[in-house]
Amino acid sequence: MRLDDCIHFCAPSRLIIERGYRQKLPHLLQSLGYRRGLLVTDRFFAEQTPWVTDHVTACERLGIHVDVFAGGQPDPTTDLCDRATAELRVTLDGHLPDHIVSLGGGSNIDLAKALCVTLVAGRPVRDFGAGITSDTPVVDHISMPTTAGTGSELTPGTILFDPNTGIKTAVMDNRLRPVIAAVDPELTFTCPPKVTAESGIDALTHALESFVTLDSNRFERGGSVDPGYSGRSGLTMLFARESIRLCAQYLLRCYQDGNDVEARVGMCYASVYAAMSYGSAGLNAVHGIAYGVAALTHQSHGATNAVVLPYVIDALSESRHAELLEVARMFGIQTTDEVRAVRELPRALRDLVGKLGIPTDLNAFGISRTSLQDLVTDSLSVTRLAKAFPVGNIEESYAHIINNAWHSRLQDETTERLATD
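Keep in mind the model is a prediction, meaning the values are calculated, not measured. (Residues numbered from 1 in each chain as written. Predicted model: local features only at pLDDT ≥ 70, side-chain atom pairs only at ≥ 80, totals over all residues. Heavy atoms only, no water.)

**Some remarks on the sheet that holds strand 1 (residues 14-17)**
Heads up, the condition is: Strands were regarded as paired on the criterion that DSSP finds at least two bridges between them. We count a stretch as a helix when DSSP gives it H or I for four or more residues in a row; a strand needs E for two or more, and each element gets its number in order from the N terminus. Lines fitted to C-alpha atoms define the axes here, with helix axes fitted over just the stretch in contact, and angles between the N-to-C directions of these axes take values from 0 to 180 degrees.
Strand order in this open sheet of 6 strands is 1-8-5-4-2-3, and the pairing throughout is parallel. Strands with a single pairing partner mark the edges of an open sheet, and in this sheet they are strand 1 and strand 3 (65-69). Taken over all neighbouring pairs, the strand axes of this sheet differ in orientation by 15° on average, direction set aside. Taken together, the 4 bridges between strand 2 (residues 36-40) and strand 4 (residues 99-104) define a ladder with parallel strand orientation.

As structure tokens, then:
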């Protein structure tokens, strides 16, 4: 218990984690009174797996009509959402769904979330960037993730790339949290190694960031009585700890052997626990900088988080010493010198990123040295994340992190070099 916590915790109405649960979901939908659904996915799942056909067929037998939109794409854009909204309103011919099911990774889930708010009135998604008014209808969303990492199946926001601005934009509201998160670990079993690595490091990033983010009693809520994110608390930290422990145990195993069922299931739990943490606590500098990196490189969300993660954690070695010592122990760093243990953690994280086949510095990731100042500016422009970074001088810290991330430089290594000079 933390006496100063100001907890505002939101979870889905129903969270189900069960191997093979996709086959039971239609019966739950029927029991809840749903009669017309829209399944949002992409061409791969629609054409290369039986999951879409199985769901539609099972629902039809139970009296639930299901339309399918298979136009999902990686890192969906605001333009994609608007096109999908217009196309679906024509296809549905006024017969709007009473629920939307998403099948896929975070990209498909985010697109489905956006459609939950744009489809009813046919409005562009940019209309909701400043918030969703209380009288705006929001369609119920049921998420079925096929990756273990994004946690979007439990969170209040949808992240879309806006081609007009060149950065990712967020639409946030607690009504965008799926009413049902149906996590069937078997849907992740066929994930290729690259997707496994990038989604898994995303889960670890969510857990770590929320574990060390701004406390709930200091978190800026903008006067909202129902904030999507509200800072870390003893409750969110419980979930973060368990997620970090599971990632330390299973992430690399899962990547190295996709047939390791224990590791696959373990990472599904890690992803859910991370989402239960960051879905209320929020995130900070890793995601803030990663959005800028993504705008420059167009690399995946998980990879852009991964390349930044060790350097952000390195910058928190003093302000979050106690928490990072816990994490160091979870990653097997057992030196009795606690300061040393915390300093070794970023190197362990960077080594993990490398073992997952992801570049470990911004130079190798394709960022030019001349782009660093623009990257600092773009990263700081995501103010909701910058404000949550628990350091004294946020602007100076961001610049230092980005410079170190380009040079592949950590405090521990700098200290070692000075000691040998």
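**Digging into the packing of aromatic side chains**
For any pair of aromatic rings, geometry is given as the distance between the ring centres together with the angle between the planes. The condition is simple: Any two rings among Phe, Tyr and Trp, with Trp reduced to its six-membered ring, count as a pair given centres within 6.5 Å; such a pair is stacked if its planes are under 30 degrees apart, edge-to-face if over 60, and tilted if neither. For every residue, the accessible area (1.4 Å probe, protein chains only) is compared with the maximum for its type, and the residue is labelled buried under 20%, exposed over 50%, or partly exposed between those bounds.
For the coordinates displayed, the defined rule picks out 6 aromatic pairs. Seen in terms of ring centroids, Phe389 and Tyr398 are 6.0 Å apart; in terms of plane orientation they differ by 75°. Their pairing is edge-to-face. The exposure classification of Phe389 matches that of Tyr398, with both residues buried. Connected via pairs of aromatic rings, a cluster forms that spans Phe9, Phe239, Tyr269 and Tyr273.

**Some thoughts on the UniProt feature "domain: Alcohol dehydrogenase iron-type/glycerol dehydrogenase GldA" (unreviewed entry) in the protein**
Here is the rule: UniProt positions are given in the numbering used here, feature names are shortened, and annotations may be inferred rather than shown by experiment.
In this structure's numbering, the residues bearing the UniProt feature "domain: Alcohol dehydrogenase iron-type/glycerol dehydrogenase GldA" (unreviewed entry) are residues 12-185. Segment residues 12-185 splits into 30% helix and 24% strand. End C-alpha atoms: 18 Å apart.

**Examining the environment of Pro185**
Tracing the sequence through the fold places Pro185 in the loop between strand 8 (180-183) and helix 6 (193-212). Sequence separation of Pro185 and Pro145 is 40 residues, and the distance between their C-alpha atoms is 8.7 Å.

**Let's talk about the state of the cysteines**
The condition is simple: A pair of cysteine sulfur atoms is labelled a disulfide when the two atoms are within 2.5 Å.
With the rule as written, the count across this model stands at 0 disulfides. Counting only cysteine sulfurs, Cys254 is the nearest neighbor of Cys191, a cysteine outside any disulfide, at a range of 8.2 Å. Given a relative accessible area of 13%, Cys191 falls into the buried group. Cys247 takes part in no disulfide bond, and the closest cysteine sulfur to it belongs to Cys254, at a distance of 10 Å.

**Regarding the side chain of Asn284**
We count it as follows: For this analysis, a polar contact is any N or O atom pair within 3.5 Å, provided that within protein one partner can donate a hydrogen and the other can accept it, and provided that sequence-adjacent residues contribute only side-chain to side-chain pairs. Only heavy atoms enter the contact rule, under which two residues are in contact if any of them lie within 4.5 Å.
Of note, Asn284 is situated in the loop between helix 8 (261-281) and helix 9 (285-297). At a separation of 2.9 Å, a polar atom in the side chain of Asn284 contacts the side chain of Thr213. Setting aside chain neighbours within four positions, we find Asn284 in contact with Glu209, Thr213, Leu385, Ala388, Phe389 and Tyr398.

**Points about helix 13 (residues 372-380)**
As a reminder of what qualifies: Directions are taken from the helix axis to each C-beta atom, and the arc is the one they span.
Where helix 13 is concerned, the buried positions are Leu372, Leu375, Val376 and Ser379. Down the axis of helix 13, the sector holding all buried residues measures 100°, keeping them to one side. Helix 13 presents Gln373 and Asp374 as exposed residues on the side facing more than 90 degrees away from its buried surface. The inward-facing, buried residues of helix 13 contact helix 9 and helix 15 (394-407).

**Observations regarding the packing of helix 6 against helix 10 (residues 301-315)**
Heads up, the rule is: Relative orientations are named as follows: roughly parallel for angles under 35 degrees, roughly antiparallel for angles over 145 degrees, roughly perpendicular for angles from 65 to 115 degrees, and oblique for any other angle. Crossings are assigned a handedness: left-handed for a near helix turned anticlockwise from the far helix by less than a right angle, right-handed for a clockwise turn.
Close contact between helix 6 and helix 10 brings their axes to 8 Å; oriented N to C, the two are set at 40°. Relative to helix 10, the element helix 6 is oriented oblique. Seen from above, helix 6 lies across helix 10 with left-handed handedness. Here Glu198, Ile201, Asp202, Thr205, His206 and Leu208 of helix 6 lie close against helix 10, whose contacting residues are His301, Gly302, Ala303, Asn305, Ala306, Leu309 and Ile313.

**Observations regarding the pattern of salt bridges**
Put simply, the rule is: In what follows, salt bridge is the name for a side-chain nitrogen of Lys or Arg lying within 4 Å of a carboxyl oxygen of Asp or Glu.
For the structure shown, the criterion picks out 23 salt bridges. For Arg126, the salt bridge identified is with Asp79, shortest N-O distance 3.2 Å. With Arg126 in the loop between helix 5 (106-118) and strand 5 (140-145) and Asp79 in helix 4 (residues 78-92), this residue pair connects regions lying 47 residues apart in the sequence. Classification of Arg126 by relative accessible area gives partly exposed; the value is 33%.

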